Amino acid sequence: TPAPPHRPRVRTVTIAVSGDVLIHDNVWSSAERAAARTGRSPFDFRPMLSSLRPVIRGADLALCHLETPLAPRGGPYSGYPLFSAPPQVVDALAWTGYDGCSTASNHTVDQGFAGIQRTLDDLDAAGLAHTGSARTAAEAARTVIFRVHGLRIAWLSYAYGTNGMPVDADKPWSVNLIDAARIERDAHRARARGADAVLVALHWGDEYSHEPSAFQRALADRLTRDKDITAIYGHHAHVVQPIERIHGTWVVFGLGNLIAGQATTAPGVNDGRIAVLTLRQRGHHPVRVLRPSYHSTHIDDSDGRGEFHVSIGGSHRA
């Protein structure tokens, strides 16, 4: 009797990625009001995120983007233009089901190097992985690699700049800034360290523009030609931007805001997306990304209590 044909093992991993977690003063005031109701003093960000839990927990890997540095417990807190957010937000993100938060943004150094240290310490304490900023040169040189269902997924994060705020001259490694050649090198190094897939998060684009900028287009055109990079997703514009396949690689240009208090700033800032990237590997073949799906999200503060709530819609194909 002939031996049955060997079927190569198929590994599949779903990754949920979402947009800016941007903690304005009205957002933490909402969390303060919620805490008075729930008893989780002094801030409870869980109610505003609770509707996201089924989708976030339903993914094999879930990644958020924490745009704002975190304040010491007890404050002082500050909103725009130099953010310093209540650290209780990371406990709520972990409760929602996130596995990690990228941290390279134009606000990373709003509170100097001490703000970077505090933010990463708090993410560690909440059990959340992070990439995009670093406390030491050694940490900056590491590659974050998740091991999920037998796949090793590297995660990289970069920002276009820091709003003119200085990065400490003796700590240039403390925040990752976008440089195409550097991203390519980091992706190659991730592969050399055993990654089966490389996911790149980019804080880029023009604020409040639904169309990708010329800079985004040019960078996407270059990075999608690099076979070390598996998929690219972005944030910063605070409005939703398109999902496109370029040179065979999926690019989620802009995920909008996940939670923010910008309602009067521009049309669309209360809308976001949670994109779901499905990675599939058959045997030892390269990892493929299937056509992404996404859930639309909306920030609402019309509950009558002055509390923000993020609602989520059904799944759509890109």
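Residues numbered from 1 in each chain as written. Predicted model: local features only at pLDDT ≥ 70, side-chain atom pairs only at ≥ 80, totals over all residues. Heavy atoms only, no water.

With respect to the helices and strands, the residue Arg-142 is situated in the loop between α6 (137–141) and β5 (144–148). Judged by its relative accessible area of 57%, Arg-142 falls in the exposed class. Distance from Arg-142 to Asp-186, taken between C-alpha atoms, is 9.8 Å for residues 44 residues apart in sequence. (Helix = DSSP H or I, 4+ residues; strand = E, 2+ residues; numbered from the N terminus. Buried < 20%, exposed > 50% of the residue type's maximum accessible area, 1.4 Å probe, protein only.)

Looking now at the packing of helix α7 (residues 180–192) against helix α8 (residues 214–223). Where α7 contacts α8, the two axes come as close as 11 Å, and the packing angle between them is 35 degrees. The crossing of α7 and α8 is right-handed. Contacts from Ala-180, Ala-181, Ile-183 and Glu-184 in α7 reach Leu-219, Arg-222 and Leu-223 in α8. Among the residues forming the contact of α7 with α8, the class breakdown is 5 nonpolar, no polar and 2 charged. (Axes fitted to C-alpha atoms, helices over the stretch in contact; angles between N-to-C directions. Left-handed = near helix turned anticlockwise from the far one by under 90°. Contact = heavy atoms within 4.5 Å. Nonpolar A, V, L, I, M, F, W, Y, C, P; charged D, E, K, R; others polar.)

To continue, consider the pairing of strand β12 (residues 271–282). Side-chain direction in a regular strand flips from residue to residue, so the side chains alternate between the two faces of the sheet. For β12, a buried count of 9 out of 12 residues is recorded, marking the element as mostly surrounded by other parts of the structure. Where β12 meets strand β13 (residues 288–289), 2 bridges bridge the pair, whose relative direction is antiparallel. Within β13, the residue paired with Arg-280 across the bridge is Arg-288. Following β12, the chain reverses through 5 residues before pairing antiparallel with β13; Gly-283 in that reversal takes a positive phi of roughly 60 degrees. (Pairing = 2+ DSSP bridges.)

Turning our eyes to something else, we now look at the pattern of salt bridges. The tally for this structure, following the rule as stated, stands at 16 salt bridges. Its salt-bridge partner being Lys-171, residue Asp-170 comes within 3.4 Å of it at the nearest N-O pair. When its relative accessible area of 18% is taken as the criterion, Lys-171 is described as buried. Note that Glu-307 and Arg-305 form a salt bridge whose closest N and O atoms lie 3.5 Å from each other. Sharing partners across several salt bridges, the network here consists of Arg-37, Asp-303, Arg-305 and Glu-307. (Salt bridge = Lys/Arg side-chain N within 4 Å of Asp/Glu carboxyl O.)

In this section: helix α4 (residues 88–96). When we look at burial in α4, the residues that qualify are Gln-88, Val-89, Val-90, Ala-92, Leu-93 and Thr-96. Just past α4, the residue Gly-97 takes up positive phi, approximately 120 degrees.

Attention shifts here to the nonpolar core. Of all hydrophobic cores here, the largest spans 39 residues; its most connected members are Ile-23, Phe-45, Val-89, Leu-93 and Ile-259. When residues of this core are traced back to their parent elements, those giving at least two are β1 (10–21), α1 (25–38), α2 (46–49), α3 (53–58), β2 (61–66), α4, α5 (112–125) and β11 (257–259). The residues contacting Val-89, other than those within four sequence positions of it, are Val-21, Ile-23, Phe-45, Leu-66 and Leu-70. In this structure, Val-17, Ala-201, Val-252 and Tyr-294 belong to the second largest nonpolar core, which totals 25 residues. (Core = buried A, V, L, I, M, F, W, Y, C linked by side-chain atoms within 4.5 Å.)

The next thing to look at is the state of the cysteines. Applying the stated criterion to the full structure yields 1 disulfide. Residue Cys-64 pairs covalently with Cys-101 via a disulfide, S to S 2.0 Å. The disulfide joining Cys-64 to Cys-101 has a torsion of about 70 degrees about its S-S bond and is therefore right-handed. Highlighted residues: Cys-64 in strand β2 and Cys-101 in strand β3 (residues 100–102), separated in sequence by 37 residues. On the accessibility criterion, Cys-101 (0% relative accessible area) is buried. (Disulfide = S-S within 2.5 Å.)

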